[in-house]
Every structure is written in C-alpha cells, then in structure tokens.
Amino acid sequence: MADSYEEIIRQTFLEEAEQSLADIEQCIIEIDRYSSRKKIYPSEISSNFANLFRLVHNLKGSSAGVGFSKVSDLSHILETFLTTIKNENFQISGETCDFILECNDFFRKMIVKISQNPDSQFDLKYFDNKAEQQLSSMKTNIPSDNKTEQKKEPVAEITEQKKEPVAEITEQKKESVTEIAEQKKEPVTEIYNDNKLSGEQTVMTEPSSSTAPVQEREQLTKDESIRVRMYQIEQLNNYVGEMVVMQTVLNQQKTELNQELLSKVIPQMDKTVKEIQNLSLGLRMIPISQLFTKIQRVCRDTSRAVGKEVELTLEGEQTEVDKTIIEKISDPLVHMVRNSIDHGLESKEERLRIGKEPIGHVTLRCYHDGGHVIIEVSDDGAGLNKKLIEEKAIKNKLIPENHNLREDDILNLIFHGGFSTKDTATDVSGRGVGMDVVLTNIQSLSGEIDIATHPGKGSTFKISVPLSLAVIDGVVANVNTNRYILPMSQVFESVKISPEDLDKASGVGTIFNLRGKNIPVIFAHEILSEKSSSKEFYTAVIIRKHGFEPYAVLVDEILKQQQIVVKPISKALKFTRSLIGTAILGDGLPAFIIDLFDVSQYVKGLAKS
Amino acid sequence: MIESSKTTDTKSEDRFLEFMIRDEFFGIPLLEIREVIGVPKTIPIPGAPSWYQGIMNLRGQVIPIIDLGLKLGSGHTEKTNETAVIIVECTSVTIGIIVDAVKKVITATEKTIQKNQSQNTKKDLKIDGVFRNGEQMTLILNIEKSLNLDDIVNATPGSTLI
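Residues numbered from 1 in each chain as written. Chains lettered and ligands numbered in written order. Predicted model: local features only at pLDDT ≥ 70, side-chain atom pairs only at ≥ 80, totals over all residues. Heavy atoms only, no water.

Participant: Help me understand the environment of Pro49 of chain B in this model?
Facilitator: Within the secondary structure, Pro49 of chain B is located in the loop between β3 (33-37) and β4 (52-58). Classification of Pro49 of chain B as buried rests on a relative accessible area of 14%. Sequence-wise, Pro49 of chain B and Thr160 of chain B are 111 residues apart; in three dimensions their C-alpha atoms are separated by 7.7 Å. When neighbours within four sequence positions are excluded, Pro49 of chain B is seen to be in contact with Phe575 of chain A together with Leu161 of chain B. (Helix = DSSP H or I, 4+ residues; strand = E, 2+ residues; numbered from the N terminus. Buried < 20%, exposed > 50% of the residue type's maximum accessible area, 1.4 Å probe, protein only. Contact = heavy atoms within 4.5 Å.)

Participant: Whenever I open this one, the pattern of salt bridges confuses me. Can you help?
Facilitator: Should their charged atoms come close, side chains of opposite charge can pair. Residue and element names in this part refer to chain A. For the coordinates displayed, the defined rule picks out 30 salt bridges over all chains. Where Glu25 meets Arg108, a salt bridge forms, and the shortest distance between an N and an O atom there is 3.5 Å. Of this pair, Glu25 sits in helix α1 (residues 2-35) while Arg108 sits in helix α4 (residues 94-116), and the two are 83 residues apart along the sequence. Since its relative accessible area comes to 30%, Arg108 is described here as partly exposed. A salt bridge links Glu234 to Arg284; its shortest N-O distance comes to 3.7 Å. In this pair, Glu234 is assigned in helix α9 (residues 230-257) and Arg284 in the loop between α10 (260-282) and β1 (285-287), connecting sequence segments 50 residues apart. Residues joined by salt bridges that share partners form a network here, namely Glu25, Asp32, Asp98, Asp105, Arg108, Arg297, Arg300, Asp301 and Arg304. (Salt bridge = Lys/Arg side-chain N within 4 Å of Asp/Glu carboxyl O.)

Participant: I keep staring at the sheet that holds strand β7 (residues 94-99) of chain B and nothing clicks. Help me out?
Facilitator: All names here are of chain B. Here five strands make up an open sheet; going across it, the order is β3-β6-β7-β5-β4 and the pairing mixed. In the strand order of this sheet, the two ends are held by β3 and β4, each with one partner. On average, each strand axis in the sheet is tilted by 30 degrees relative to the strand beside it, whichever way the strands run. In this structure, β4 lies alongside strand β5 (residues 61-67), joined through six bridges in antiparallel fashion. Bridging from a neighbouring strand, Met56 pairs with Ile63 of β5. (Pairing = 2+ DSSP bridges. Axes fitted to C-alpha atoms, helices over the stretch in contact; angles between N-to-C directions.)

Participant: Explain unusual backbone geometry here, please?
Facilitator: Glycine aside, residues mostly have negative phi angles, and peptide bonds mostly take the trans form. All names here are of chain A. In the Ramachandran plot, Ser529 falls in the positive-phi region, its phi being about 45 degrees despite a non-glycine side chain. Considering the arrangement of structural elements, one finds Ser529 in the loop between α17 (524-527) and β14 (538-543). Look at Ser578: it is not a glycine, yet its phi comes out positive at around 60 degrees. Relative to the assigned elements, Ser578 resides in the loop between β17 (567-568) and β18 (579-584).

Participant: Explanation requested: helix α11 (residues 289-306) of chain A in the structure shown.
Facilitator: One full turn of an α-helix is made of 3.6 residues, so residues set three or four places apart face in the same direction. Given a rise of 1.5 Å per residue, 18 residues ought to cover 26 Å, and the 25 Å separating the end C-alpha atoms of α11 of chain A matches this to within 8%. Gly307 of chain A occupies a position one or two residues after α11 of chain A and carries a positive phi of about 70 degrees. (Expected span 1.5 Å × (residues − 1).)

Participant: Can you walk me through the sheet that holds strand β15 (residues 551-555) of chain A in this structure?
Facilitator: Two pairing modes exist for strands in a sheet, parallel and antiparallel, and in both the strands are linked by backbone hydrogen bonds. Residues and elements named next belong to chain A. If you trace the six strands from one edge of the open sheet to the other, you get β10-β14-β15-β13-β12-β11, paired in mixed fashion. Looking at strand neighbours, the two that pair on one side only are β10 (493-497) and β11 (502-505), the edges of this open sheet. Strand-to-strand twist of the sheet, defined as the mean angle between neighbouring strand axes without regard to direction, takes the value 40 degrees.

Participant: How should the packing of α9 of chain A against α10 of chain A be read in this particular structure?
Facilitator: The packing of two helices is summarised by the inter-axis angle and the distance between the axes. All names here are of chain A. Two elements in contact, α9 and α10, have axes separated by 9 Å at closest approach and are oriented at 160 degrees. Between α9 and α10, the angle is such that the two are roughly antiparallel. As for the relative orientation of α9 and α10, their crossing is left-handed in sense. Facing α9, whose interface residues are Ile233, Leu236, Asn237, Val240, Met243, Val244, Gln247, Leu250, Asn251, Lys254 and Leu257, α10 presents Leu262, Ile266, Pro267, Met269, Asp270, Val273, Ile276, Gln277, Ser280 and Leu281. Taken together, the residues of the contact of α9 with α10 sort by class into 14 nonpolar, five polar and two charged. (Parallel < 35°, antiparallel > 145°, perpendicular 65-115°, else oblique. Left-handed = near helix turned anticlockwise from the far one by under 90°. Nonpolar A, V, L, I, M, F, W, Y, C, P; charged D, E, K, R; others polar.)

Participant: Explain the interface of chain B and chain A to me, please; I cannot follow it from the model alone.
Facilitator: Chain B puts 28 residues into the contact, and the matching count from chain A is 24 residues. Between chain B and chain A, a total of about 2200 Å² is buried, with carbon and sulfur atoms accounting for 68% of that surface. Counting the contacts that link chain B with chain A gives four residue pairs in polar contact (both at pLDDT 80 or more). If you list the elements that add at least two residues to the side of chain B that touches chain A, you get β4, β5 and α4 (149-153) of chain B. With four residues, β4 of chain B is the single largest residue contributor to the side of chain B that touches chain A. For the side of chain B that touches chain A, the class distribution of residues is 18 nonpolar, eight polar and two charged. (Buried area = accessible area lost by both parts, 1.4 Å probe. Polar contact = N/O pair within 3.5 Å; in protein donor to acceptor, adjacent residues only side chain to side chain.)

Laid out in structure tokens, this is it:
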C-alpha cells in the first residue's frame with residue numbers, strides 16, 4: 001500500500017516535471033530574447049526571472065518530497081545561482097542563459113532516466129563548478145563605464161522591487177516546509193493548519209501587487225484542467241462514433257415510425273449527439289504553443305551555432321491541433337526552421353552589404369483553413385536558388401541535363417533523399433537527409449507542403465494537414481461485393497470508363513488514355529486480393545502522388561462521399577499492405593481505408609516525374 | 001488439511017472457459033476473456049491467411065476474427081446454432097476466435113492440470129496442460145503461442161503468415 005502510494009506520487013511528479021521544465025525553458029528563452037536586444041526591457045526580464053525562480057524553487061521542493069535527491073540537488077545549485085545573480089544584480093548574458101538551458105536539458109535527461117529506473121545516479125559536480133565559474137566571471141565583468149551603468153540601473157531597480165516579495169514568500173514557504181519536517185510525527189490536521197496559517201500570513205503581510213497575481217494564477221491553472229489518459233479519450237471517441245452511427249439509423253427510420261413523440265425527440269437527439277461528437281473529438285486538440293516553445297529553443301541554438309542573429313516571430317500560438325499531429329509534425333518543423341536559419345538567411349555581413357536589416361527574421365504561423373491546419377515557416381533571406389538546385393540535381397544525376405521541368409518541379413527536387421546544396425555538411429544542416437523525411441512525415445499525416453520563394457526576399461514553406469486525424473473526408477467505393485474507403489485527400493479526380501478504354505501495352509501493364517495522356521492503371525481487386533470479375537463500367541480514381549506521374553486505381557463504382565472516423569488498424573493485422581486504418585460505415589459494418597499513395601509501388605510502368 | 005479450506009474458494013486464475021472445436025474440448029483462462037458473442041457479420045481482410053475470417057465491429061471497436069479450427073488444422077468451421085465467438089484479450093491485441101460451441105466454466109487448479117503432455121499431434125496446437133474430468137479431457141490452450149501472436153504483431157506489411 002505504502003509502496004503504491006509512493007509510486008503514484010512519483011509518477012505524478014514525473015508527469016508534472018515535464019511541464020515545469022518546459023515552463024522553465026520558456027522563461028529563459030524570454031529572458032534571453034529581451035536581454036540580448038539593444039533596447040532592454042527590464043520589466044519583462046524581471047517578471048520572467050521571478051517566474052523562473054519560482055519554478056526552480058517548486059521543482060526543488062517537489063523533487064525532494066518524492067525522494068529524487070539528485071533532481072533537488074541540481075535545483076538547489078540552480079536556485080543558489082539565481083539568488084546570487086539577483087542579490088548581486090549581475091547582468092544576465094547569453095552565457096548565463098546557456099548555462100541555465102544546459103541545466104534544464106540535464107533535468108530532462110534525469111527525468112527520463114529516473115522514470116526508467118528510480119535509483120539512477122548522476123554526477124552533478126560539473127554543474128556545481130560551472131555555476132561557480134559563471135558567477136565569478138560575472139563578477140569580474142561588471143562594466144564600469146557610465147553608459148552601460150545607466151542602462152543597467154533601471155533593470156536592477158525594478159528587479160529589486162519586484163523580486164523582493166518573491167524572496168519573502170520563498171522564505172516563508174521554506175519555513176513552513178521545515179516546520180512540517182519537524183512536526184512530522186504530529187497529526188496531519190495540524191500540519192494543514194500550519195500551512196494555512198503561514199499562507200494567511202503571507203497574504204496579510206504581503207498584499208502587494210506582484211504576489212497576489214502569482215498565487216491567483218497558480219490557483220487558476222489548477223482549476224482549469226485535469227489530466228486524462230489518451231486511452232480514455234480514444235475510448236470515448238469510439239463510443240461516441242458508435243452512437244453517431246446508431247443515431248443515423250434512427251434518423252433514417254423516423255419517417256417510417258410515424259410516432260409523434262419519436263419524430264420530435266429524434267431530431268433533438270440528433271443535435272445533441274453532434275454536439276457530443278464535436279466535443280469529444282475536440283478533446284484530442286491542444287494548442288500548438290507547446291511545440292512553438294520547442295522551436296524557440298531550436299531557433300536560439302541554431303542561430304548561435306551558425307552565428308546569425310535571428311528574430312523569431314510566432315503567430316497563432318493558441319491554434320488547436322490534434323495531439324498526434326503535433327507529435328508527428330514536431331521533427332519536420334524543427335528541421336525546417338533550422339534550414340531557414342542556416343540556408344535561408346544570409347550572414348550578417350551579407351545582409352548589411354545588400355541593404356537588409358542585420359537581424360534575420362523567421363516567422364512561424366499557424367491557423368485553421370477549412371478542414372485543415374496550416375503551418376507556415378517563412379524567412380526574409382535569400383530565397384531558394386533555382387539555378388543551384390538545378391545544377392546540383394544534374395550533378396547528382398537526379399534529373400537528366402536536357403530535362404524540361406517546370407520551375408515548381410525544380411523547387412520540389414529539394415525533397416529528394418540525399419539532396420543538399422551545401423557543399424560541406426555542418427552540425428546544423430547540409431547532410432541532405434531531412435527534406436525527404438519532412439515530406440514523408442507530412443504525407444503520412446495526409447498533408448501537403450508548398451514552397452513559395454522570391455529571390456532576395458525570402459521563402460515560405462507552407463504545411464497543410466487535416467485538422468484531425470480522427471476524422472477524414474472519405475470516398476466509399478465498391479470492389480466486388482466489399483466496400484473500401486479512399487481518403488479524399490489522395491483522390492485527385494475520378495472518371496467513369498468502360499473496359500474498352502483500357503489498353504495493354506507490353507512491359508508497362510494496363511494503361512488508359514485520359515485527355516490525350518496515357519496513364520498506368522492498377523485494378524483495386526489486385527491489391528486487395530479480391531476476385532476479378534468483368535464489369536460493364538469501372539471508375540478510375542486518378543492519383544497524383546508527389547514525385548510520380550499520375551496513375552489510376554480502378555474500383556467498381558463510387559458509392560458516396562462522407563466523413564469517416566478513422567480507427568487505427570489492429571496490431572494483429574500488421575501484415576496487410578496499403579491499408580491506413582479501418583472505419584465503421586453507416587450500417588455498422590467495418591471497412592478498410594486504402595492508402596492510395598502506397599499503392600504506387602504496385603503500379604507497373606509508373607514513371608517518376 | 002488446512003489447505004483444503006483454501007481450495008474451496010476458487011481463485012479467478014483457476015477458472016477456465018471450456019469450449020469445443022469439432023469433437024475436442026479446450027479451455028482458456030477466464031481472465032483473458034472479455035465476452036462471448038454470436039457469429040457476427042465480418043468483412044474479409046485483404047492479403048490475410050485463410051484462418052483470418054475477417055474484421056467485425058464490436059461496439060465501435062474493429063476486431064479481427066480468427067477461425068481457430070482452421071488454424072489448428074481441423075478445417076473450416078461450419079456455422080450452426082451453437083457456433084460462438086470468444087473475444088480474447090491477449091497481452092498485445094484483442095481478437096475474436098470462432099469455436100463450435102461454448103460449454104461451461106471449469107475450475108482447474110495447478111494441481112489438477114497435468115503439464116508436459118506430449119500427445120500433441122497438431123502442428124500449431126500449443127497447450128499449457130491437460131485437465132481430466134473422468135473420461136473427458138480438456139486441453140488448456142495457449143492462445144498467444146497457438147496463433148503465433150508474437151510473430152503477427154511484429155509482422156511487416158506484405159509479409160506472409162503461416
């Protein structure tokens with residue numbers, strides 16, 4: 001019993017620590033952003049510093065509480081470090097932020113290790129020493145000329161004012177903690193009383209403006225949300241999906257029932273069910289801000305590594321996106337932002353030479369557009385060099401010398417594996433693995449990516465993915481007696497054809513002529529191991545997959561188009577090919593969803609474009 | 001004799017659901033079973049081995065159904081009034097298995113189950129032991145091993161299962 005209780009609080013700590021570390025990172029990045037500019041924003045710095053201090057202090061307390069002593073030791077080192085900075089009014093430099101970020105990264109490592117093995121040991125000497133070094137170098141670096149002094153003065157003052165109360169609260173909290181520790185053997189109620197008392201004292205003695213909001217905010221965030229397991233949400237969505245199906249049946253029957261009460265209730269019920277469906281699908285959605293925070297860090301690290309000054313602008317941080325999409329889009333986005341900074345932006349000298357602002361700008365934008373989430377990464381750099389891309393592609397034998405590619409297609413060459421215009425690979429980019437992975441990841445989300453580039457003005461990469469993976473637009477098609485679902489996003493167009501329109505060409509399999517162009521086809525029943533049967537008409541579904549000439553999949557007929565709740569394929573069916581998932585149709589029977597892009601590998605005579 | 005008082009209140013681990021495939025009796029641990037249902041309408045699975053009957057909709061969850069008789073080499077299961085599907089929750093997946101008839105719940109302790117019976121003639125039949133009740137013999141089936149579930153859940157797309 002005692003063991004399991006301990007386990008539960010440890011688990012809770014580990015889950016919450018992740019959030020705390022993300023918050024800490026956010027604070028440091030903000031501080032770094034505000035302090036590295038020419039104009040200094042003292043109030044922003046000090047409020048973030050106060051937050052940072054509070055977060056580190058909380059981490060120290062909670063980790064000690066669950067017995068993760070090394071985590072609390074490192075928090076202690078960091079806390080002492082921050083206290084000294086505050087007390088001595090040291091100026092926060094980029095190196096200071098680097099150090100704090102380094103600590104934060106190590107916290108993450110510890111959390112991962114500890115969650116695998118609670119008894120993991122860590123050596124913190126490095127951080128102890130480095131904190132000392134940093135502090136002593138800051139001491140010697142205190143500038144003496146008046147100009148900087150003046151600039152620094154206001155920071156120090158406001159920091160003082162604002163931070164005073166924080167320090168005091170901390171003091172008091174600490175007291176109550178030690179009190180609790182001392183009175184461990186006393187009954188629990190007394191401890192609560194003590195806590196309450198010291199809490200009241202805080203409010204009474206410090207009704208000052210800055211303490212109250214901090215506490216209020218804490219209170220608010222605690223009330224606003226609860227943690228729910230992803231599994232439960234998926235279950236809920238399953239049952240709601242089932243309810244929607246049953247509701248559809250009721251709707252179809254209501255005219256035949258001829259009962260006044262029922263014909264009133266069913267439409268009302270219909271509305272409620274739809275509301276519930278929207279709500280339950282919405283549970284999977286979280287704001288993209290979490291991912292944007294990660295990008296801020298990447299941007300900071302990359303700009304340092306390549307020695308370019310970058311200002312990152314974030315737009316639409318509160319846009320809600322399906323959790324799975326956020327997870328899958330994270331790596332591609334990181335890669336693209338790195339690319340924008342390393343390849344896109346010019347060096348500071350170059351920018352000055354051509355009359356641009358020395359600081360490069362990268363913008364991340366996220367918004368909803370119809371049933372899609374759009375994420376844009378733009379920079380104001382040199383733009384993509386079509387000529388260079390073309391030359392490289394010819395050199396790497398990706399395209400023949402006498403190609404006749406359109407401009408768009410030349411740009412799209414950057415999505416080929418092994419393609420890089422950088423001559424030497426760096427830590428940051430240039431290995432040519434990346435954009436092809438970006439494309440694959442985005443396509444696996446049934447998404448698309450577009451490039452817009454203007455020489456000398458910059459480029460924009462626009463990712464478009466469906467709002468939710470759980471619901472897609474689907475086309476229901478018949479193959480023999482069975483129904484299959486084709487994702488709408490993969491269907492370019494569909495044409496009704498008769499068997500006479502089909503030609504057999506030697507070596508390339510079956511083709512048919514669509515508006516003067518020969519298109520290779522594959523029969524759906526071949527990929528689905530269904531029996532073949534002769535039909536009067538087929539429906540050819542035309543697919544344009546990136547990097548391939550168009551091809552067609554022949555189904556018997558298209559029945560209808562509808563919204564599909566996607567269910568992942570059972571683990572017992574991993575051997576199946578070209579299937580993305582399953583879904584339950586209106587009559588309650590399941591159907592498979594075909595991945596039309598994956599089908600390309602079975603199409604004979606399909607040429608790459 | 002003190003032990004006997006313990007054995008009378010049966011632990012759920014000791015209970016098995018007994019069912020028939022053709023004329024043989026089998027048992028699987030009750031704890032692995034979610035429910036027993038009639039034979040549902042199924043949709044064929046492209047590229048699946050013959051013993052995969054298809055997928056079904058179980059209250060919103062899509063579950064593969066396996067013809068256990070076919071897998072064990074006893075041929076295709078003909079549907080009768082008694083044919084049933086047992087929904088089994090294995091460690092990694094939930095699947096349904098078609099059986100000719102579900103009989104009863106039996107209690108078999110470790111003591112009453114005979115292990116290491118080597119009269120195993122069928123290739124895919126993997127049993128954890130045999131429970132004898134008078135003349136009748138019930139084979140305690142190891143579903144995960146009999147269906148090679150390890151291989152199945154680690155299969156790559158397009159691979160052929162045996």
